[in-house]
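Results of the structural survey
Residues per chain, in single letters:
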Amino acid sequence: MRIPLLTALLLTASNVFMTFAWYAHLKELNQRPWYIAALISWGIALFEYLIQVPANRLGYTALSLPQLKIMQEVIALAVFAPFCLFYMNQPLKLDYLWAALCLLGAVYFIFRS
């Protein structure tokens, strides 16, 4: 259980960087040219990859590739939801709950065997 937990922690850290690289420029750099936002986002994404690549390599020693992918997607949305609500000040919608339930179904089916 140690490898999946460490993988999840590393993927969570990686996804924090990824989320900021992909979306923070919409709030912070919206008055700047797109190429400035792209360069800054690439700089942030470098840190994401420095964590994500070791996380996936470690995770692949104990998890199947589909399990690793579903884990990453669940973590990505678990990181994105608070980012969306608290950083980007987007409203909470009931559809987020339904999406989360669909993800739980994906987790169930990919990890059941």
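Residues numbered from 1 in each chain as written. Predicted model: local features only at pLDDT ≥ 70, side-chain atom pairs only at ≥ 80, totals over all residues. Heavy atoms only, no water.

In the nomenclature of an unreviewed UniProt entry, the protein corresponds to DMT family protein from the organism Pseudodesulfovibrio indicus.

What to know about the layout of surface pockets
Formally: In this analysis, the protein atoms alone were mapped onto a 1 Å grid. Cavities are point sets where a 1.4 Å probe fits without being able to get out; pockets are open sets with protein on both sides within 12 Å along at least five of seven lines; lining residues have an atom within 4 Å of a point. Grid points are joined across faces, edges and corners, and a volume is the space filled by probe spheres set on the points. Under the scheme used here, helices are H or I runs from DSSP no shorter than 4 residues and strands are E runs no shorter than 2 residues, and both carry numbers assigned from the N terminus. Each residue gets one of three labels, nonpolar for Ala, Val, Leu, Ile, Met, Phe, Trp, Tyr, Cys and Pro, charged for Asp, Glu, Lys and Arg, and polar for the others, Gly among them.
In this structure, the largest pocket encloses a volume near 290 Å³. Considering the residues around the largest pocket, the lining is formed by 13 residues, among which L77, A81, Y96, A100 and L103 are closest to the centre. Contributing elements (two or more residues each) for the lining of the largest pocket: helix 3 (65–87) and helix 4 (94–111). With 7 residues, helix 4 is the single largest residue contributor to the lining of the largest pocket. For the lining of the largest pocket, the residue count by class is 13 nonpolar, no polar and no charged. Every residue along the wall of the second largest pocket is listed here: M18, A21, W22, A45, E48, Y49, Q52, N56, L65, L68, K69 and Q72. Those elements that place two or more of their residues in the lining of the second largest pocket are helix 1 (2–28), helix 2 (34–59) and helix 3. For the lining of the second largest pocket, the element with the highest residue contribution is helix 2, accounting for 5 residues.

Some points on the side chain of S41
Using the following cut-off: Working rule for contacts: check all heavy atoms of both residues, and any pair within 4.5 Å makes them a contact.
As for its position among the elements, S41 is in helix 2. Beyond its immediate chain neighbours, meaning those up to four positions away, S41 contacts A21 and H25.

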